[in-house]
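Remarks on the overall topology
The primary structure of each chain is shown beneath.
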2 protein chains.
Amino acid sequence: MTDRADAGRDLGVRRGGVPEATVGRLPLYHRVLVDLADAGVDTVSSDALAATAGVSPAKLRKDLSFLGSYGTRGVGYEVSVLIEQIGAELGISSEWPVVIVGVGHLGHALANYGGFTSRGFRLVALFDEDPELVGTDVAGLVIRPFTDLPSVARAEGVTIGVVATPAAAAQDVADALVAAGVNSVLNFAPVVLTVPPSVDVRRVDLASELQILAFHQQRRGDELGQVAR
Amino acid sequence: MTDRADAGRDLGVRRGGVPEATVGRLPLYHRVLVDLADAGVDTVSSDALAATAGVSPAKLRKDLSFLGSYGTRGVGYEVSVLIEQIGAELGISSEWPVVIVGVGHLGHALANYGGFTSRGFRLVALFDEDPELVGTDVAGLVIRPFTDLPSVARAEGVTIGVVATPAAAAQDVADALVAAGVNSVLNFAPVVLTVPPSVDVRRVDLASELQILAFHQQRRGDELGQVAR
DNA sequence: AGGCGCTTGTGAAGGAGTGCACAAAGTTGC
DNA sequence: GCAACTTTGTGCACTCCTTCACAAGCGCCT
Ligand SMILES: NC(=O)c1ccc[n+]([C@@H]2O[C@H](COP(=O)([O-])OP(=O)(O)OC[C@H]3O[C@@H](n4cnc5c(N)ncnc54)[C@H](O)[C@@H]3O)[C@@H](O)[C@H]2O)c1
Ligand SMILES: NC(=O)c1ccc[n+]([C@@H]2O[C@H](COP(=O)([O-])OP(=O)(O)OC[C@H]3O[C@@H](n4cnc5c(N)ncnc54)[C@H](O)[C@@H]3O)[C@@H](O)[C@H]2O)c1
């Protein structure tokens, strides 16, 4: 059921007014809540939930307040209600069709990743350019030639594409995805993709993450020499 | 060298005062600059560099200003100088030893990822618990039993560890890493790790990234009045 | 019924990050 | 040597995010 016809009473909360920072944490909350539900918990306080999610209680409460008032004062939040509300906000209710382009080491791992399909996404196709790979089976799907992208994308209504090709091919792949109607891209290649403003790109960059860790590590090391007054 | 006892007055730029948001972008700048250098470019303006990195020129200039004044007014920045300065800030000069725990689909891909070793990191060991895997060769390294972690970590001075095990094992693995002296962790498992405050954890979460894309996708759809179909 | 303890929801304060605009500082051309 | 032009570096205002603190609301107990 698509209950997007607002049930009328959220005039106080702007529908599209969830801050970006909050959006970035909603998936985390959702996962933690699902884990709690699996563990048989049916009610949590903001303090407890914040602790398990690793954020401050005030931040958590404010985040949740953007979705509406789904808690009970003096008691806490009902886990199932929160899961449903956050899920609705993130669009987990619907099943987003996803394609992966580039089935090398990384693409292979992604295709076999269960977390994809268990959180509102359906992997509908794998594409690669390598003739050796095309036709082989990965994670229950047949790898298709990259040239099939347009027809598959339109047939399945694909709006999200994952780029897992080498950096050199990533821009071309992105262009093809955009041309095929995909307007959300998750990019693993270490390049900045140029796309029309209507297209949303998120970059996942392993090396960057490590370098940020290294930076903090180094700073910590530097400070050890100075702590002694 | 650049660090003498600061005589009570900071020179406008604080050593160690680089904002977190800037730190998060430095790896991006570094990569873009290396690409430019490879392409034979030796000077860039903030406008040009900002465009290739996908950020605003003002932001870029402010970011770089935290490292010092390495540009030339009227000209721009010398690519090699910037690479060196950013590299130094990030600790790329030294080679950080890294270990990966959990050599399944994802760990396999990570071990074979060239970007690791080419950016100041050296993969020193792979660990897994599975007896079938231990002893086999991946990316030129032998997979070692997880119990070897302490000795290897100390022998090589490992401070950065990558967790690529299933969620259920991640916390135990993190505990072992911390016990072995590792205090920077890159976690791919979809769980929130609990570690001492002295340990820095970064989480990379595929499903979250997709869900954030889905959120924006859904919002865009809603605003158009109706979703696909 | 009423008070008590607990937890949410939120205004308001404080802090971090971003964009703007321009003076300072360099280069080029004559 | 000077004027015109280019581009950096940064003070300032502004927006966004986080933290604080507490009134409002709910359930339970007496
Ligand atoms: N392996 C990792 O852990 C890792 C981590 C972070 C980022 N990355 C990045 O992810 C990307 C993929 O990494 P990988 O290790 O899987 O590389 P890979 O070489 O193993 O796989 C790349 C795949 O893309 C295919 N391909 C190439 N050009 C294509 C095109 N135009 N259209 C469709 N398919 C094409 C190739 O045939 C190959 O199968 C790279 O950009 C890499 O830098 C990898
Ligand atoms: N595959 C992906 O694309 C992907 C993406 C995002 C996140 N993840 C997460 O990364 C993790 C690994 O994913 P995967 O697909 O590689 O799983 P996988 O099952 O293929 O590999 C896990 C490996 O960890 C090893 N392992 C288990 N317990 C261990 C322990 N206590 N000590 C050492 N090694 C141990 C297993 O033997 C196995 O080799 C999972 O938590 C998954 O949710 C995977």
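A brief look at the structure comes next. (Residues numbered from 1 in each chain as written. Chains lettered and ligands numbered in written order. Predicted model: local features only at pLDDT ≥ 70, side-chain atom pairs only at ≥ 80, totals over all residues. Heavy atoms only, no water.)

1. Some points on the relation of the copies chain B and chain A
Here is the rule we go by: Alignment of the copies relies on least squares applied to C-alpha atoms, considering only residues that score at least 70 for pLDDT in both. Should any heavy atoms of two residues lie within 4.5 Å, those residues are counted as being in contact.
When chain B is brought onto chain A, the operation consists of a screw motion whose angular component is 180° and whose axial shift is 0.0 Å, with 0.0 Å RMSD remaining. Those values place the two copies in the arrangement expected of a two-fold rotation axis. Here 97% of the interface residues in chain B have copies in chain A that are interface residues too; the copies meet face to matching face.

2. Regarding the site of ligand 2
So the rule is basically this: If a single non-hydrogen atom of a residue is within 4 Å of a molecule or strand, that residue counts as near it. Two N or O atoms count as a polar contact when they lie within 3.5 Å, although within protein this holds only if one can serve as hydrogen donor and the other as acceptor, and sequence-adjacent residues are included solely when both atoms are side-chain atoms. Helix and strand labels come from DSSP, where a helix needs a run of H or I of at least four residues and a strand needs a run of E of at least two; each type is numbered from the N terminus. Each residue receives one of three labels: charged for Asp, Glu, Lys and Arg, nonpolar for Ala, Val, Leu, Ile, Met, Phe, Trp, Tyr, Cys and Pro, and polar for the others, Gly being one of them.
With respect to spatial proximity, 24 residues lie near ligand 2, and among them A:Ala109, B:His105, B:Leu106, B:Asp128 and B:Thr165 are the closest. Flanking ligand 2 are residues from chains A and B. Residue B:Glu129 places a main-chain N or O atom 3.3 Å away from a nitrogen atom belonging to ligand 2. Interatomic distance of 2.7 Å between a backbone N/O atom of B:Thr165 and an oxygen atom of ligand 2. Only helix 5 (105–111) of chain A together with helix 5 (105–111) and helix 8 (167–179) of chain B provide two or more residues apiece to the shell around ligand 2. With three residues, the top contributor of residues to the shell around ligand 2 is helix 8 of chain B. Here the residues of the shell around ligand 2 are counted per class, giving 17 nonpolar, four polar and three charged.

3. Description of the packing of helix 1 (residues 20–38) of chain B against helix 4 (residues 79–90) of chain B
Residues and elements named next belong to chain B. Formally: Helix axes use the C-alpha atoms of the stretch in contact, all axes being lines fitted to C-alpha atoms, and the angles between their N-to-C directions lie in the range 0 to 180 degrees. For any helix crossing, the convention is left-handed if the near helix is rotated counterclockwise from the far helix by under a right angle, and right-handed if that rotation is clockwise.
Packing of helix 1 against helix 4 leaves a shortest axis separation of 9 Å and a crossing angle of 145°. You can see that helix 1 and helix 4 cross each other, and the crossing is left-handed. In contact with Leu26, Pro27, Tyr29, His30, Leu33, Val34 and Ala37 of helix 1, helix 4 contributes Val79, Leu82, Ile83, Ile86, Gly87, Glu89 and Leu90. Of the residues in the contact of helix 1 with helix 4, the class split is 11 nonpolar, two polar and one charged.

4. Topic: helix 4 of chain B
All names here are of chain B. Note the threshold: How far a helix is expected to stretch is found by multiplying one less than its residue total by 1.5 Å. Each residue is placed in one exposure class: buried if its accessible area under a 1.4 Å probe, protein chains only, is under 20% of its type's maximum, exposed if it is over 50%, and partly exposed if it falls in between. This arc is taken over the directions from the axis of the helix to the C-beta atoms.
Here helix 4 is 12 residues long and its end C-alpha atoms lie 16 Å apart, about the 16 Å a rise of 1.5 Å per residue gives. Those residues of helix 4 that sit buried are Val79, Leu82, Ile83, Ile86, Gly87, Glu89 and Leu90. Relative to the axis of helix 4, the buried residues are bounded by an arc of 160° and lie together on one face. Remark: glycine 91 follows helix 4 within two positions and exhibits a positive phi of approximately 80°.

5. Points about the protein's contact with DNA strand D
Every one of the 27 residues lining DNA strand D counts as a neighbour, but A:Arg25, A:Arg73, B:Ser46, B:Arg61 and B:Tyr77 are closest to it. Backbone atoms, meaning sugar and phosphate, make up 67% of the atoms of DNA strand D lying within 4 Å of the protein. Within the contact set of DNA strand D, a base nitrogen lies 3.4 Å away from a backbone nitrogen or oxygen of A:Gly74. A distance of 3.3 Å is found between a base oxygen of DNA strand D and a side-chain nitrogen or oxygen belonging to B:Lys62. Those elements that place two or more of their residues in the surface near DNA strand D are helix 1 (20–38) and helix 3 (57–65) of chain A together with helix 3 (57–65), strand 2 (71–72) and strand 3 (76–78) of chain B. No other element matches helix 3 of chain A, which puts four residues into the surface near DNA strand D.

6. A few points about the packing of aromatic side chains
Working definition: an aromatic ring pair is given by the centre-to-centre distance plus the angle between the planes. Residue and element names in this part refer to chain B. As a reminder of what qualifies: When two rings of Phe, Tyr or Trp (its six-membered ring) have centres within 6.5 Å they constitute a pair, described as stacked for plane angles under 30 degrees, edge-to-face for angles over 60, and tilted for the intermediate range.
Under the defined criterion, the tally for this structure stands at two aromatic pairs over all chains. Between tyrosine 113 and phenylalanine 116 the ring centres are 5.8 Å apart and the planes differ by 70°, which places this aromatic pair in the edge-to-face class. Taking relative accessible area as the criterion, phenylalanine 116 reaches 3% and is therefore assigned buried.

7. Structural notes on the site of ligand 1
Lining the immediate surroundings of ligand 1 are 24 residues, of which A:His105, A:Leu106, A:Asp128, A:Thr165 and B:Ala109 lie closest. Proximal residues around ligand 1 fall on chains A and B, making this an inter-chain site. Contact distances for ligand 1 include 3.0 Å between an oxygen atom and a backbone N or O atom of A:His105. The contact in question runs from an oxygen atom of ligand 1 to an N or O atom on the side chain of A:Asp128, over 2.5 Å. Elements supplying a minimum of two residues to the shell around ligand 1: helix 5 and helix 8 (167–179) of chain A together with helix 5 of chain B. Ranked by the residues each element gives to the shell around ligand 1, the list is headed by helix 8 of chain A, at three residues.

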